Amino acid sequence: MREKVLHLRNVIKRFGGRTVVDIKDITFGTHGIEGLIGPNGAGKTTLIGLISRKVSMDQGQILYYQDKNEMDISKKSLDELSRMGLVRTNQIIQDFESLSIRDSLLLSLANSKHEKFYNIFNEKELRKNTEKEIEKYLDYFNFEDPDGHALSAGEKKLLDIIRCMVLKPKFLLMDEPTAGLPHDQTDKVIELMKKKTKEEGMAILIVEHDLDLIWTVSENVYFMSEGEILIKGTPDEIRKNKTVINKYMGESEC
Amino acid sequence: MEQLFSGYMIYSLSFLLIFIALATILHLQFSIGGIVNFGIVGFWGLGMYAFALLNLKLNIPFVPAVLLASALTGIVSMALGRIILNLDDQAVLVGTLAFATIIEYLATTEKWLTNGVMGFGTIKFPFDLGANTLFVYFLVVLVFLILLMFYVSKIKTSPYGRLLLSIKDNEILSQSLGKPTFRHKIIFFTVTCSLIGFFGAMTAPLYNYIFPRMIGPGITFTIWIALMLGGRKKLLGGFIGILATIGLFDYVIETVVPIPTQYAEMVPNVKFALYGLTLMLVLMFRPLGILGDKKREVKG
Ligand SMILES: Nc1ncnc2c1ncn2[C@@H]1O[C@H](COP(=O)(O)OP(=O)(O)OP(=O)(O)O)[C@@H](O)[C@H]1O
Ligand SMILES: [Mg+2]
């Protein structure tokens with residue numbers, strides 16, 4: 001067990017009067033990789049949005065723990081949280097139309113010191129300092145043309161993940177990261193996730209419908225349905241749980 | 001006679017340089033920063049008026065007056081930016097357009113300060129080199145234009161340029177990578193608008209005498225048309241576009257082509273009609289302008 005990274009209390013989100021997320025009291029980050037599962041429309045993506053502040057909260061409190069400091073992040077912005085080490089990948093493909101794969105990673109690795117309107121001569125320096133890191137990922141995932149744009153949906157999805165990985169987050173939220181990826185790439189992502197959680201102390205919360213993946217990578221699993229987290233436990237406990245079987249696995253088996 | 005002609009040439013060329021600078025800044029704002037500035041003439045006019053007032057009414061010397069006018073334009077645009085830059089593109093378009101209208105309106109109504117529609121002068125060049133004054137001033141403007149072009153070309157391959165592109169393409173994604181995009185947009189808007197103000201101040205001595213009709217919306221539209229025509233995504237798009245519009249119509253046709261006096265009045269209207277026609281043809285056959293690639297980029 002590790003120290004918790006996130007603590008959610010009475011977090012509520014409504015869309016047009018309908019309660020989509022309603023979390024009483026949940027902590028995340030006590031295991032390297034945790035899984036979040038649940039049927040379509042359960043509110044998983046919305047919950048990730050609430051934690052990363054991409055979605056505004058109607059009510060509640062989200063606490064973030066960093067080096068034993070407790071911080072209320074309910075009022076922080078998406079970019080602030082990212083700089084604090086709380087980073088997310090996207091379920092729906094997101095990309096920068098004008099940036100090549102390499103540019104995208106350079107963007108991710110550049111910090112506010114590099115990005116000043118009066119500082120236009122620091123490209124070489126940034127490239128030199130980040131080359132190793134970038135090459136490592138580009139080689140690992142075998143992009144067809146790293147200096148071109150991410151072309152396939154799969155490449156864009158991978159790029160989204162790598163952009164987040166190079167930020168070296170403390171807590172990474174991954175929303176269906178492997179949906180649409182070929183098998184070999186999925187395996188590489190899993191291997192990378194394991195490595196990061198073991199070697200760099202990163203904690204990951206992963207949302208997936210691919211349950212085999214969830215059972216193999218997660219140490220702890222949360223089951224969400226109709227906005228609420230109903231059950232949490234080890235993969236074995238969750239896969240045998242009657243509620244989970246009734247509400248979710250029955251339908252996903254077909 | 002020959003002296004007069006060459007003087008007029010240099011005078012015209014100086015204006016071309018100023019407009020090329022404006023189109024280049026617009027390229028920077030729009031194609032790299034994603035900001036739809038439809039009030040260019042407002043920032044330009046503000047810089048010009050502020051400079052002239054500081055220089056003539058407060059007797060502030062040329063250089064500090066130019067700098068103050070640019071800074072003032074920057075401050076005003078920062079205030080405007082705080083209001084409009086977190087809204088969508090349409091709102092930015094309308095907001096900047098309205099801003100330019102307000103500037104033109106104030107230049108007209110604040111008679112105690114600007115002498116209203118009559119305007120005021122005489123704005124002098126910063127130096128007096130006799131017959132060479134205009135030519136040397138032209139060179140000064142040229143140097144600033146080259147510096148501007150160099151800056152824009154450098155930005156494109158710098159971390160800052162990448163940041164701007166990321167904000168333009170997908171602001172939320174950029175935020176999720178830790179970029180404080182709203183702050184960046186405000187700073188960028190402030191800096192680029194104060195550059196427009198700077199070139200506005202530099203225009204004042206060329207006009208010598210300034211009045212509100214000079215800062216009407218026609219200038220904004222012409223610069224937009226020029227940039228779309230030349231190629232909005234290219235560094236030299238503004239340059240080519242200005243030559244193909246103002247350069248061709250205002251100078252070549254008006255000075256070289258002998259137009260009978262009874263038709264002379266029609267020239268400005270015909271000019272705008274031709275601008276519009278050319279723009280339509282360009283958008284149909286070369287959507288990215290003369291310098292752009294032939295086809296629209298295929299979105300992935
Ligand atoms: N912006 C929005 N406006 C209105 N309703 C929304 C919005 N976003 C999500 N919802 C609704 O909230 C509910 C939860 O959606 P959410 O995307 O969080 O589900 P999910 O668990 O991620 O589903 P999936 O497994 O299909 O990705 C759904 O009923 C959805 O229609
Ligand atoms: Mg989802």
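Everything numeric here is computed off the predicted structure, so don't read it as measured data.

What counts and what doesn't
- Residues numbered from 1 in each chain as written.
- Chains lettered and ligands numbered in written order.
- Predicted model: local features only at pLDDT ≥ 70, side-chain atom pairs only at ≥ 80, totals over all residues.
- Heavy atoms only, no water.
- Domains from an automatic or database assignment.
- Contact = heavy atoms within 4.5 Å.
- Buried area = accessible area lost by both parts, 1.4 Å probe.
- Salt bridge = Lys/Arg side-chain N within 4 Å of Asp/Glu carboxyl O.
- Polar contact = N/O pair within 3.5 Å; in protein donor to acceptor, adjacent residues only side chain to side chain.
- Nonpolar A, V, L, I, M, F, W, Y, C, P; charged D, E, K, R; others polar.
- Near = heavy atom within 4 Å.
- Areas by Shrake-Rupley, 256 points an atom, 1.4 Å probe, with all protein chains shown as cover.
- Helix = DSSP H or I, 4+ residues; strand = E, 2+ residues; numbered from the N terminus.
- Core = buried A, V, L, I, M, F, W, Y, C linked by side-chain atoms within 4.5 Å.
- Buried < 20%, exposed > 50% of the residue type's maximum accessible area, 1.4 Å probe, protein only.
- Expected span 1.5 Å × (residues − 1).

Asks: Hey, could you run me through the domain arrangement of chain A in this one?
Replies: How large an interface is tends to be reported as the accessible area lost when its parts come together. All names here are of chain A. By the assigned domains, chain A splits into domain 1 (6–92 + 169–253) and domain 2 (96–149). Distance between the C-alpha centres of domain 1 and domain 2: 28 Å. Residue-level contacts link six residues of domain 1 with four residues of domain 2. Summing both sides of the interface, domain 1 and domain 2 together bury roughly 520 Å²; the carbon and sulfur share of this comes to 49%. For the interface between domain 1 and domain 2, the tally reads zero salt bridges. Applying the counting rule to domain 1 against domain 2 returns three residue pairs in polar contact (both at pLDDT 80 or more). Considered class by class, the residues forming the side of domain 1 that touches domain 2 number two nonpolar, one polar and three charged.

Asks: Would you mind going over the site of ligand 1 with me for this structure?
Replies: Residues and elements named next belong to chain A. Of all residues adjacent to ligand 1, which total 14 residues, the nearest are R18, K44, T45, T46 and H209. At a separation of 2.8 Å, an oxygen atom of ligand 1 approaches a polar side-chain atom of N40. At 2.9 Å, a side-chain N or O of Q91 approaches an oxygen atom of ligand 1. For ligand 1, the accessible surface in isolation is 640 Å², of which the surrounding protein chains cover 63%. Listed by contribution, the elements that provide at least two residues to the shell around ligand 1 are β2 (18–28) and α1 (44–52). The element that contributes the greatest number of residues to the shell around ligand 1 is α1, accounting for three residues. A class-by-class count of the residues in the shell around ligand 1 yields four nonpolar, seven polar and three charged.

Asks: Whenever I open this one, the nonpolar core confuses me. Can you help?
Replies: One recurring pattern in soluble globular proteins: nonpolar side chains tend to sit buried together. W44, F51 and I215 of chain B are the most contacted members of the largest nonpolar core, which has 92 residues in total. With 14 residues, the single largest contributor to this core is helix α1 (residues 2–32) of chain B. L172, M193, L213 and W215 of chain A belong to the second-largest nonpolar core, a separate cluster that totals 43 residues.

Asks: Teacher, can you tell me more about the domain arrangement of chain B here?
Replies: Residue and element names in this part refer to chain B. Domains assigned within chain B are domain 1 (2–216) and domain 2 (217–300). When each unit is reduced to the centre of its C-alpha atoms, the spacing between domain 1 and domain 2 is 20 Å. The interface of domain 1 with domain 2 comprises 29 residues on the first partner and 21 residues on the second. Together, the buried faces of domain 1 and domain 2 total about 2200 Å²; carbon and sulfur atoms form 80% of this surface. Taken as a group, L16, F19 and F38 account for 23% of the area that domain 1 buries against domain 2, more than any other trio of residues on that side. Summed over the shared surface of domain 1 and domain 2, the result is seven residue pairs in polar contact (both at pLDDT 80 or more).

Asks: Quick question: what am I supposed to make of the environment of K111 of chain B here?
Replies: For K111 of chain B, the position within the fold is in helix α5 (residues 111–114). Separated by 121 residues in sequence, K111 of chain B and R232 of chain B place their C-alpha atoms 38 Å apart.

Asks: Is there a simple way to explain helix α10 (residues 218–230) of chain B in this structure?
Replies: In an α-helix there are 3.6 residues to a turn, and that puts residues three or four apart on one side. Residues and elements named next belong to chain B. Under the 1.5 Å per step criterion, the end-to-end length of α10 is 18 Å for 13 residues, consistent within 8% with the ideal 18 Å. Along α10, the residues classified as buried are I219, T220, T222, I223, W224, I225, A226, L227, M228, L229 and G230. Once α10 finishes, G231 follows within two positions and takes phi at roughly 130°, a positive value.

Asks: How do you make sense of the interface of chain B and chain A when you look at a structure like this?
Replies: Taken residue by residue, the interface counts 29 residues in chain B and 32 residues in chain A. Each partner contributes to the roughly 2800 Å² buried at the junction of chain B and chain A, and carbon and sulfur atoms together form 64% of this total. When the area that chain B buries against chain A is broken down by residue, the three leading residues are P159, R162 and L177 of chain B, summing to 25%. Between the two partners, chain B and chain A, sit three salt bridges. Put simply, K179 of chain B and E115 of chain A hold a salt bridge, and the shortest N to O gap is 3.0 Å. In this assembly, chain B and chain A are joined by 12 residue pairs in polar contact (both at pLDDT 80 or more). The set of elements that each furnish at least two residues to the side of chain B that touches chain A consists of α6 (133–155), α7 (159–169), α8 (171–176) and α9 (181–207) of chain B. Of the residues assigned to the side of chain B that touches chain A, the class counts are 13 nonpolar, 10 polar and six charged.

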